[in-house]
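Okay, here's what each chain looks like letter by letter:
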Amino acid sequence: MTEARDHFSERVNRAVYGGEVTFVTRGRCHQRAAAIVPADMVDHYEELLDERDARIAAERLADIKSGRSTTVPFDEAMRQIGLSEDELGR
């Protein structure tokens, strides 16, 4: 973390102009804690997540429409698991 802090601008420039990923580590075992990455890499990752989420949602809707799955109203689901809306902070 100290090195990343001391060379932050350089690491950001390497990410922006060179596509380089810098892992920020901490602790004696140098465990990865964060990364400095090109923003377009994160954008692409988020697009992949959105595509996956859309695919899963479409699959679930198809299951409901075909009768392979059923739905439970929110209030009923809350009752089944023993929670009230107040406990969710609504």
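Residues numbered from 1 in each chain as written. Predicted model: local features only at pLDDT ≥ 70, side-chain atom pairs only at ≥ 80, totals over all residues. Heavy atoms only, no water.

**Concerning the overall build of the protein chain**
Next, step 1: Of regular secondary structure, the protein chain possesses four helices and two strands.
Next, step 2: Listing each helix as α and each strand as β along the protein chain from the N terminus yields α-α-β-β-α-α.
Next, step 3: In terms of overall dimensions, the protein chain is more spread out than a globule: its C-alpha atoms have a radius of gyration of 22 Å, far above the 12 Å expected for 90 residues.
Next, step 4: Seen along its three principal axes, the alpha-carbon backbone of the protein chain occupies a region of about 55 × 30 × 25 Å.
Next, step 5: Taking all 90 residues of the protein chain together, the buried fraction comes to 10%.
Next, step 6: Accessible surface for the protein chain amounts to roughly 7,700 Å². Of this, 52% is attributable to carbon and sulfur atoms.
Next, step 7: If you average the places of the 13 positive and of the 18 negative side-chain charges in the protein chain, the two averages end up 6 Å apart. (Helix = DSSP H or I, 4+ residues; strand = E, 2+ residues; numbered from the N terminus. Rg over C-alpha atoms; globule rule 2.2 N^0.38 Å. Buried < 20%, exposed > 50% of the residue type's maximum accessible area, 1.4 Å probe, protein only. Areas by Shrake-Rupley, 256 points an atom, 1.4 Å probe, with all protein chains shown as cover. Lys, Arg positive; Asp, Glu negative; His and termini not counted. Charge placed at Lys NZ, Arg CZ, Asp CG, Glu CD.)

**Focus on the pairing of strand β2 (residues 31–36)**
Next, step 1: Here five bridges tie strand β1 (residues 22–26) to β2, and the two strands are oriented antiparallel to one another. If you follow Thr25 over to β2, its bridge partner there is Arg32.
Next, step 2: Taking the residues between adjacent antiparallel strands as the criterion, β1 and β2 are bridged by four residues, where Gly27 takes a positive phi near 80°. (Pairing = 2+ DSSP bridges.)

**Looking at the packing of aromatic side chains**
Next, step 1: A complete count under the given rule lists zero aromatic pairs for this structure.
Next, step 2: Arg32 extends its terminal NZ or CZ atom over the ring of Phe23, reaching a point 3.6 Å from the ring centre. (Phe/Tyr/Trp six-rings, centres within 6.5 Å; stacked < 30°, edge-to-face > 60°. Lys NZ or Arg CZ within 6 Å of the ring centre and 35° of its normal.)

**Some remarks on the pattern of salt bridges**
Charged atoms that come close allow side chains of opposite charge to pair.
Next, step 1: Applying the stated criterion to the full structure yields ten salt bridges.
Next, step 2: Salt-bridge contacts for Glu10 lead to Arg14; the nearest nitrogen and oxygen are separated by 3.1 Å. Within this pair, Glu10 and its partner Arg14 are both found in helix α2 (residues 8–18), separated by four residues, close to a single helical turn.
Next, step 3: Take Glu10: its relative accessible area is 34%, and that puts it in the partly exposed class.
Next, step 4: Judged by relative accessible area, Arg14 falls into the partly exposed class, the value being 34%.
Next, step 5: Salt-bridge contacts for Glu20 lead to Arg11; the nearest nitrogen and oxygen are separated by 3.5 Å.
Next, step 6: Classification of Glu20 by relative accessible area gives partly exposed; the value is 30%. (Salt bridge = Lys/Arg side-chain N within 4 Å of Asp/Glu carboxyl O.)

Everything listed here is a matter of coordinates, which is why it stays silent on function.
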